[in-house]
Structure formats: C-alpha cells, structure tokens
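Secondary and tertiary structure notes
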Amino acid sequence: MTIAAQSLVAEGLVAGYNGVPVLHGVSFTARAGEILTVVGPNGSGKSTLMKTVLGLIRPLAGRIRLDGHDITALSPAARVNAGLGYVPQEANVFPNMTVLENLRLGLDFIRRPGAKPFAERLQEILELFPEIRPKLAVRAGVLSGGQRQMVAMASALMADPTVLALDEPSAGLSPRNAELLFGVISRIAASGVTLFLIEQNTRLGLDASDEGLVLVSGEVRLTGKASAILADPEVRRLYLGGK
Amino acid sequence: MGQLIVNGLTTGMILALPALALALSFSVLRFANYAIGSYVTLGAFVTWWANVLLGLPLWAAAGVGAASVALSAVAIDYLAYRKLRERSGLTLLVASMGVSLALENLVRLFAGNSPRAFDVAVARPHRFFGLRLHQEQLVILVTVLAALTVVWLIFRFTRLGRAMRAIADNPSLAAVRGIERGKVIAAVWGMSGALAALAGVLIGLDTSLEPQMGWNYLLPIFTAAILGGIASPMAAVAGALVLGLAEEVSTLFLPPHYRMIVAFAIMAMLLMVRPWGLFGRKWVTR
C-alpha cells in the first residue's frame with residue numbers, strides 16, 4: 001500500500017490535559033474513501049482523540065499524517081486548509097444564517113491550492129445532498145436535527161477536504177434519522193472522501209463503516225474490519241447487550 | 001403631532017448610528033462598550049479640528065473624523081481589550097469605562113471645555129406639507145440612510161459581513177471554518193468607531209460640540225440598542241427610531257427636560273421583561 005492511499009494516519013499518539021495523558025499510544029490508519037469509526041465506552045478518550053486529530057490538543061508524543069504530510073505541528077485552521085474537514089457534534093451550523101450562507105462559509109475562508117469556484121462546488125455538493133436543495137433560502141436554525149446535520153456535513157465538504165471528521169453524528173437523532181444519516185455518510189465515502197467518525201451508537205457506526213477501532217481507557221483494544229469487530233464476542237457482550 | 005414625528009425620527013436617526021456601532025461590537029465580542037460615547041465625542045472634535053482649523057469642507061472633515069476614530073478604536077482594542085478577551089463581559093465593561101474617561105479628558109486637554117460649532121453656512125428651514133425641516137435634519141437623514149445602507153450591504157453581501165455574522169452566531173464553528181477572529185474583530189472596531197464618529201458630527205450639527213456630548217447620549221444609545229436587540233445590529237437601528245419617537249412624543253405629556261426619564265424607564269422595563277429587545281434574537285439566558 002502506498003502512503004498516498006493512507007488518508008489519515010496516527011502513530012503512537014499520547015495526548016491529554018495539563019500534561020496528564022488520556023491517550024496512551026493510539027495508532028490507526030484511515031484509507032482513502034473508507035469510513036473508520038472509533039467506538040468505546042464513556043471516558044475512553046474518544047473526544048480527546050478527535051481533539052488531537054483536529055489540532056485542538058497538541059500531542060505529548062506521536063505523529064499525525066494527512067495525505068502523507070505530517071500535520072502534527074499545524075494549527076486547527078492550517079489543518080482545515082490542508083484538507084481536514086470537521087463537523088462538530090453540537091452547534092454545527094450557523095443557526096441565524098440561511099443554508100446557502102452556511103454553505104458559502106464552508107468555502108469563503110479556505111485557502112487551498114486548486115480550490116474550485118463557489119458555484120461549481122455548490123452544484124457538486126447539491127448533487128451529493130439533493131435533500132437540501134429546496135432548503136437553500138431557509139434559516140439553518142429552523143431545520144430538523146437530521147437536516148441540520150446534513151447542512152453541517154455539506155458545509156464542511158464545500159472545502160473539498162480529503163478527510164471529513166464527524167463527532168458523534170447520530171447524537172440526538174431518532175433511530176430512523178440516524179439510519180438515513182449513515183446512508184448519506186456512505187454516499188460521501190463513495191465520492192472519494194475519507195471519513196473519520198467518533199460514534200456512541202456502536203452497532204450503527206460499525207455497520208456503516210469499513211474499518212473500526214475500539215478505544216478503552218485511552219488504548220486501542222481492537223482494530224480491523226468493522227464487520228469483524230461487530231462479530232467479536234467481547235464487543236457484542238460489552239457494547240451490544242450480548243446480541 | 002407631525003412636527004413631533006419629524007423631530008423624533010431625527011433624534012432616532014442620530015441615535016441609530018452609535019446604537020448600531022454598540023450592537024455591532026456587542027454581537028461579535030459580547031461586551032457592552034461603555035466608551036461608545038467617548039468615540040462620539042472624539043469623532044466630533046477631530047471633525048471640528050479638520051473643519052474649523054484646517055478649513056476642510058464638513059463632508060471631508062467628517063471623513064477625517066470617521067477614519068481617525070476607526071483607527072483609534074482598532075488601536076484601543078489592541079492595547080486595552082485584546083488581553084482581556086477571555087475575561088467576563090463585566091471586566092471588559094469596566095475597562096471600557098476607563099477608556100471612556102481617558103478619551104473624554106484627552107478631548108478636554110486639547111479642545112478645552114467651551115462649546116463649539118462647525119463652520120457651516122446657516123440655511124433657512126424647508127417647508128413640506130406644513131412641516132418645518134431644517135437643513136441639518138436633511139443632512140442627518142441622508143447621512144444616516146447612506147451609512148446604514150453601506151453597513152447593510154457589507155453585512156449581507158460580503159465575505160467580511162458573513163464572517164461577522166458567523167462569529168456572532170457561533171464563534172467556535174466560525175474558527176473551524178477558517179475565519180480569523182482577530183481580523184474580523186479589527187474590522188468590527190473600525191466600523192463601530194467610524195459610525196460613532198459620524199454620529200458625533202451629526203449631533204454637533206444638530207446642537208453643539210462639548211466634551212461631555214457623548215456622555216449625554218450614552219443612556220439613549222444603550223436604550224436604543226437594548227430596545228432593538230443589542231445582539232442584533234440592524235435591529236438596534238429600529239430601536240433607535242422607536243426611542244427617538246417615544247422621547248419626542250413624551251413631550252406632549254411631560255416637560256421636555258424629562259425626556260431622559262423616558263429612555264431610562266424604557267431600558268429598565270425591557271431589561272426586566274424582554275432583555276433581548278423588541279426586534280432582536282433571544283440570546284439571553286437567565
């Protein structure tokens with residue numbers, strides 16, 4: 001496998017708060033166009049891992065590579081410009097701005113070489129998310145949770161990122177809306193974008209993913225094909241109620 | 001009654017600019033800049049200096065005044081407020097009181113305490129449908145409408161405007177979208193300073209220039225901004241017009257020197273009942 005096929009790579013990440021590590025040598029590889037989902041119990045370090053990948057926390061040790069380039073020392077904004085898109089769990093749209101303005105802001109301040117003009121990129125995004133076309137003039141704050149999540153993802157994708165990081169995308173959604181959302185996530189992956197997810201809903205997250213990673217107490221307990229992790233008896237016992 | 005409405009709208013128009021300036025900085029920085037009154041004073045006196053001492057026509061002198069206060073506001077933010085950015089709004093409010101005192105006394109130091117006036121020709125009032133409209137009122141109307149149009153266009157149709165609204169709406173998401181907060185804050189202070197300075201010029205045209213002129217307008221400015229919605233800049237303009245009309249109409253029932261009580265009563269009532277204003281978005285949590 002070439003380096004280029006590895007979109008997002010973490011090697012031996014040690015990170016935490018005030019010098020106290022929460023992550024103890026976490027490594028993973030997310031390949032181009034695949035979905036990698038991180039699952040684990042509360043307090044396992046999932047959010048710390050996401051913050052470290054985004055550059056909100058500087059790791060004490062280890063490296064992060066995006067498309068083969070070392071981004072460990074880059075600021076969050078520089079990581080966005082390098083091709084790392086992000087959709088936060090909550091407050092992920094500008095509620096008092098229209099959907100179209102939200103999409104504009106996805107591209108307005110991105111300085112990526114070879115970035116497409118707004119109109120061209122908008123058409124591509126609307127083909128990927130036909131559901132939001134009729135909502136372009138609507139204020140994002142009045143949309144339903146599922147629609148808002150879609151606008152948030154569409155807005156992050158406006159910058160044409162290599163990797164899209166999603167923080168608990170199904171949080172607060174009804175089971176039906178969560179399933180619909182993961183359908184959209186699969187569509188995004190099919191378009192060539194790599195997805196890096198932190199997810200509470202273990203079954204839903206792993207079901208829709210190519211690769212999975214089980215994080216427990218800041219260490220990688222299990223990693224590999226998502227289907228194999230779902231079939232693992234310990235994972236089924238601990239996170240899926242033994243089903 | 002018609003004349004009262006004209007006068008009330010004129011007062012409202014004058015208040016609209018600093019109320020907009022106050023709401024602009026509040027919406028992005030979430031702190032009430034008490035020094036807004038001293039920006040009004042500074043703008044008026046720099047304009048007076050360019051108009052009377054340098055002999056520039058008033059419109060050009062107003063440009064000098066607006067540019068000077070815009071730059072001063074950016075510099076004051078850099079020197080005084082920037083390091084307090086992560087502190088509470090109350091800390092910043094107190095800091096802005098200090099800035100206000102310093103600026104007002106700076107004006108007194110250079111210009112003295114005597115009232116002054118701009119060097120403009122005296123014109124007869126115009127009459128429309130039985131209403132008397134002074135030349136100054138026409139200038140105020142045109143200037144305020146032009147300034148509001150420019151601000152609205154910036155807000156609606158430019159990247160800077162979208163960035164300002166994005167930071168006001170969701171600052172953490174704005175950072176994730178690559179918006180550089182520092183540059184947007186500088187632009188906000190620049191616009192806020194220029195608007196306050198223009199208001200100072202209009203107040204000077206309407207009445208006279210005194211070092212405490214901004215202080216005198218502070219309560220109506222805050223009331224207008226709160227009335228409209230202090231976190232919603234364009235709503236603050238509507239608040240200013242409502243307050244101007246309310247103050248003027250109150251003179252039918254109260255002696256004119258009690259007009260200030262109207263502003264104070266409106267502000268006190270709104271803060272208790274509807275702190276996000278008549279036209280603003282609900283942002284306050286109890």
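Residues numbered from 1 in each chain as written. Chains lettered and ligands numbered in written order. Predicted model: local features only at pLDDT ≥ 70, side-chain atom pairs only at ≥ 80, totals over all residues. Heavy atoms only, no water.

1. As for the overall build of chain A
Per the secondary structure count, chain A includes 9 helices and 10 strands. Against the compact-globule benchmark of 18 Å for 243 residues, chain A has a radius of gyration of 17 Å, which places it among compact chains. Dimensions of chain A along its principal axes, counting C-alpha atoms only, are 45 × 40 × 35 Å. The burial tally for chain A puts 51% of its 243 residues in the buried class. Within chain A, contacts between residues separated by at least 24 positions form 67% of all contacts whose residues are at least 6 apart in sequence. On chain A, roughly 10,100 Å² of surface is accessible, and the fraction owed to carbon and sulfur atoms is 53%. Charged side chains of chain A number 24 positive and 22 negative; the gap between the two group centres comes to 3 Å. (Helix = DSSP H or I, 4+ residues; strand = E, 2+ residues; numbered from the N terminus. Rg over C-alpha atoms; globule rule 2.2 N^0.38 Å. Buried < 20%, exposed > 50% of the residue type's maximum accessible area, 1.4 Å probe, protein only. Contact = heavy atoms within 4.5 Å. Areas by Shrake-Rupley, 256 points an atom, 1.4 Å probe, with all protein chains shown as cover. Lys, Arg positive; Asp, Glu negative; His and termini not counted. Charge placed at Lys NZ, Arg CZ, Asp CG, Glu CD.)

2. Details of the confidence of the model for chain A
When the pLDDT values of chain A are averaged, the result is 90; 97% of them are 70 or greater. Here helix α9 (residues 233-239) of chain A stands out as the least confident element of chain A, with mean pLDDT 78; strand β4 (residues 61-66) of chain A is the most confident, with 96. (pLDDT = per-residue confidence, 0-100.)

3. Points about the pattern of salt bridges
Scanning the entire structure with this criterion turns up 17 salt bridges over all chains. Glu101 of chain A is the partner of Arg165 of chain B in a salt bridge, and the nearest nitrogen-oxygen pair spans 2.6 Å. Of this pair, Arg165 of chain B sits in helix α6 (residues 159-169) while Glu101 of chain A sits in helix α3 (residues 99-108), on two different chains. Just as Arg165 of chain B is buried, Glu101 of chain A falls in that class too. Across the salt bridge formed by Glu124 of chain A and Lys116 of chain A, the nearest N and O atoms sit 2.8 Å from each other. On the basis of relative accessibility, which here comes to 27%, the residue Glu124 of chain A falls in the partly exposed class. Connected through shared salt-bridge partners, Glu11, Arg63, Arg65 and Asp70 of chain A make up one network. (Salt bridge = Lys/Arg side-chain N within 4 Å of Asp/Glu carboxyl O.)

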